[in-house]
Amino acid sequence: MSNDLHLQQATTAVKQSGGVSEASTRADTLFEVDSGASPLVRGIYAHVPFCAHRCHYCDFFTVAGRDDQRPAFVDRMQKDVAATPAWVGGDIETIFVGGGTPTYLAPPDLVRLLRALHDRFVGECSIEFTVEANPETVTREIAEALVTGGVNRVSLGAQSFHPELLHALERRHDPNRVGVALEHLREAGITRTSVDLIFAIPGQDLGQWEDDLARAIDLGTDHLSCYGLVYEPGTPLRGRRDRGEVEPVGDDLEARMYEIARDRLAESGFEQYEISNWARPGHRCRHNLLYWRNENWWPLGPSASGHVEGHRWRNQPRLGEYLEGDGLPAIRDVEYLEEDGRIGEGFMMGLRCLDGLPGTRVEEMLSGEGGERRRPIIAQHVESGLLEWSGDRLRFTTRGLLLANVVIGDLLAPSTPAEG
Ligand code: SF4
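Definitions and cut-offs
Residues numbered from 1 in each chain as written. Predicted model: local features only at pLDDT ≥ 70, side-chain atom pairs only at ≥ 80, totals over all residues. Helix = DSSP H or I, 4+ residues; strand = E, 2+ residues; numbered from the N terminus. Rg over C-alpha atoms; globule rule 2.2 N^0.38 Å. Buried ≥ 20, exposed ≤ 12 C-beta atoms within 10 Å, placed from the backbone. Pairing = 2+ DSSP bridges. Axes fitted to C-alpha atoms, helices over the stretch in contact; angles between N-to-C directions. Parallel < 35°, antiparallel > 145°, perpendicular 65-115°, else oblique. Left-handed = near helix turned anticlockwise from the far one by under 90°. Contact = placed C-beta atoms within 7 Å. Domains from an automatic or database assignment. Nonpolar A, V, L, I, M, F, W, Y, C, P; charged D, E, K, R; others polar. pLDDT = per-residue confidence, 0-100. Expected span 1.5 Å × (residues − 1). Arc of directions from axis to C-beta.

**Some details on the overall build of the chain**
- When you go through the chain residue by residue, the secondary structure sums to 15 helices and 18 strands.
- Taken over C-alpha atoms, the radius of gyration comes to 21 Å for the chain, in line with the 22 Å a tight globule of 420 residues would show.
- Counting only C-alpha atoms, the chain reaches 55 × 55 × 45 Å along its principal axes.
- Taken across its 420 residues, the chain has 41% of its residues classed as buried.

Below, the structure written as structure tokens:
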């Protein structure tokens with residue numbers, strides 16, 4: 001069951017963009033944009049890969065032990081920002097700086113990066129400007145740097161308030177630093193915060209999970225993300241599990257933890273709006289909604305992924321190459337979804353949100369190429385109680401949320417067996 005709560009990026013049938021050589025491609029060459037019909041890009045994702053230490057469950061692109069390269073990295077990011085095509089901007093509603101640990105940059109470097117993003121992408125209207133942070137990095141100075149840079153929202157990776165569970169994750173912070181970080185942020189003027197928690201950590205019991213939820217709620221944050229631990233392929237933690245050195249919690253316990261999160265957070269006034277995300281009214285994360293609604297966003301920095309008008313790509317995940325480059329970085333994993341893939345992905349992303357999909361959108365997708373064969377799949381999952389029609393919207397039932405990957409897998413499955 002552990003995967004049922006962790007929907008991954010779509011793995012639908014894709015094709016390489018015709019005639020594109022990935023080794024030398026840059027993102028601007030994927031599009032032919034004339035000034036009258038620019039794609040509407042609403043979001044910016046900037047990736048800062050530096051961390052003080054590499055946690056053994058993490059499969060993000062991060063680097064540890066290369067702290068001396070942080071100032072040069074910010075110099076390079078400024079060039080990346082400056083090279084972004086002119087048609088990106090003007091309609092930006094969210095900027096998200098993730099990593100890695102963006103707040104591991106020295107305050108002056110952090111300000112330089114944030115101001116470059118702000119000056120290029122923030123116009124007259126206020127936008128959601130989020131930075132991810134590890135609790136131990138949020139000093140008074142960092143909080144002030146965030147405000148100087150125009151940030152108005154911070155997402156804190158608390159993960160747990162139990163030292164032994166943090167140790168099991170190889171996270172090094174003192175749990176009390178979460179509250180201290182929030183205080184620094186509020187004093188500096190940042191009141192919009194999110195806290196990340198992880199459940200199903202080896203050795204975790206229900207009492208500890210209830211306590212983690214209670215302590216996160218008590219901190220007064222307005223947004224919580226709760227993720228079940230994933231044993232990602234290629235991570236040291238996965239290797240330890242495969243060698244029998246780590247025992248995952250059982251499926252039933254993990255499911256029970258998820259149900260407890262739903263109950264406790266609902267009792268405390270949080271609305272669940274996505275499989276792993278809860279918010280007080282008015283505090284949903286606009287940036288994440290942009291991903292789940294399949295809108296357009298532009299990536300900056302090594303390994304950052306972007307999506308514009310059905311084109312997906314990833315900047316090369318190599319720090320040295322990035323630092324030596326100029327202008328836009330080289331890209332890889334270029335994909336352009338066929339209609340069948342777009343429909344599968346439309347269901348996957350739309351159903352992640354608890355509101356589900358409007359009936360008109362469902363009918364539109366079912367009427368497209370590859371849509372008809374999904375009709376009986378939907379009917380079958382409605383019949384078995386995993387999906388339901390609520391008014392005019394198709395959505396997961398409470399039980400369906402626990403088995404979301406099964407339903408999504410069926411809706412994503414390519415229409416013909418993959419070659420090879
Ligand atoms: S601090 Fe976060 S991004 Fe960095 S290695 Fe640990 S889990 Fe990954």
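Following the structure, the description resumes.
**Some remarks on the sheet that holds strand E16 (residues 357-358)**
- With antiparallel pairing, the three strands of this open sheet are ordered in space as E16-E18-E17. Because the sheet does not close on itself, it has two edges, and the strands there are E16 and strand E17 (387-390).
- Taken together, the four bridges between E17 and strand E18 (residues 393-396) define a ladder with antiparallel strand orientation. Its bridge partner being in E18, leucine 387 is matched across the sheet by phenylalanine 396.

**Some words on the environment of alanine 413**
- Relative to the helices and strands, alanine 413 resides in the segment after helix H15 (404-412).
- Considered as a pair, alanine 413 and arginine 374 are 39 residues apart in the sequence and their alpha carbons are 9.7 Å apart.

**Things to note about the packing of helix H11 (residues 339-352) against H15**
- Viewed as axis vectors pointing N to C, H11 and H15 meet at an angle of 160°, and their least axial separation amounts to 8 Å. It follows from the interaxial angle that H11 and H15 lie roughly antiparallel. With respect to the hand of their crossing, H11 and H15 are arranged in right-handed fashion. Residues Gly344, Phe347, Met348 and Leu351 of H11 form the contact with H15, whose own contacting residues are Ile408, Leu411 and Leu412.

**Some words on the environment of glutamate 271**
- Within the secondary structure layout, glutamate 271 lies in strand E10 (residues 271-274).
- With 15 C-beta atoms counted inside 10 Å, the residue glutamate 271 sits in the partly exposed group.
- Between the C-alpha atoms of glutamate 271 and alanine 145, which are 126 residues apart in sequence, the distance is 31 Å.
- If we skip the residues at most four places from it in the chain, glutamate 271 touches Trp278, Ala279 and Pro281.

**Details of the domain arrangement of the chain**
- Assigned domains of the chain: these are domain 1 (26-292) and domain 2 (339-414).
- Its C-alpha centre places domain 1 at a distance of 28 Å from the equivalent point of domain 2.
- Counting residues at the interface gives seven residues for domain 1 and seven residues for domain 2.
- Listed by contribution, the elements that provide at least two residues to the side of domain 1 that touches domain 2 are helix H8 (251-267) and E10.
- The biggest single contributor to the side of domain 1 that touches domain 2 is E10, with three residues.
- Split into classes, the residues belonging to the side of domain 1 that touches domain 2 amount to five nonpolar, one polar and one charged.

**Observations regarding the confidence of the model for the chain**
- The share of residues in the chain with pLDDT of 70 or more is 92%, and the mean pLDDT across the chain is 90.
- Across residues 1-21, where pLDDT falls below 50, the model places 55 contacts with residues more than four positions away in sequence or in other chains.

**Topic: the packing of helix H3 (residues 140-148) against helix H5 (residues 177-188)**
- Taken N-terminus to C-terminus, the directions of H3 and H5 make an angle of 45°; their axes are 9 Å apart at the nearest point. Taken as axis vectors, H3 and H5 run oblique relative to one another. H5 is crossed by H3, and the crossing has right-handed handedness. Two secondary-structure elements touch here, H3 through Arg140, Ala143, Glu144, Leu146 and Val147 and H5 through His184, Leu185, Glu187 and Ala188.
- Partitioning the contact of H3 with H5 into residue classes produces five nonpolar, one polar and three charged.

**Some points on H5**
- Helix length check: H5, at 12 residues, gives a terminal C-alpha distance of 16 Å against a target of 16 Å (1.5 Å per residue), a fit within 8%.
- Listed as buried for H5 are Val178, Ala181, Leu182, His184, Leu185 and Ala188. Along the axis of H5, the buried residues cluster in a sector spanning 160°; they form a single face.
- On its buried side, H5 packs onto strand E6 (128-133), H3, strand E7 (153-159) and strand E8 (192-199).
- Following H5 by one or two positions, glycine 189 adopts a phi angle in the positive range, close to 115°.

**Overview of unusual backbone geometry**
- Residue glycine 100 is bonded to the preceding glycine 99 through a cis peptide linkage, with omega at 20°.
- Position of glycine 100 relative to the elements: it lies in the loop between strand E5 (94-99) and helix H2 (107-121).
- The residue glutamate 170 is not glycine, and still its phi comes out positive at about 65°.
- Within the secondary structure, glutamate 170 is located in the loop between helix H4 (163-169) and H5.
- Positive phi outside glycine occurs at asparagine 294, with the angle close to 60°.
- Along the chain, the position of asparagine 294 falls in the loop between helix H9 (286-292) and strand E12 (296-300).

**A few points about the pairing of strand E14 (residues 311-315)**
- Of all five residues making up E14, four are buried, and the element is well covered by its neighbours.
- Of the strand pairs in this sheet, strand E13 (residues 305-308) and E14 are connected by four bridges, and their pairing is antiparallel. Residue pairing across strands places valine 308 opposite histidine 311, the latter belonging to E14.
- Here E13 hands over to E14 after two residues, with glutamate 309 in that stretch at a positive phi of 50°.

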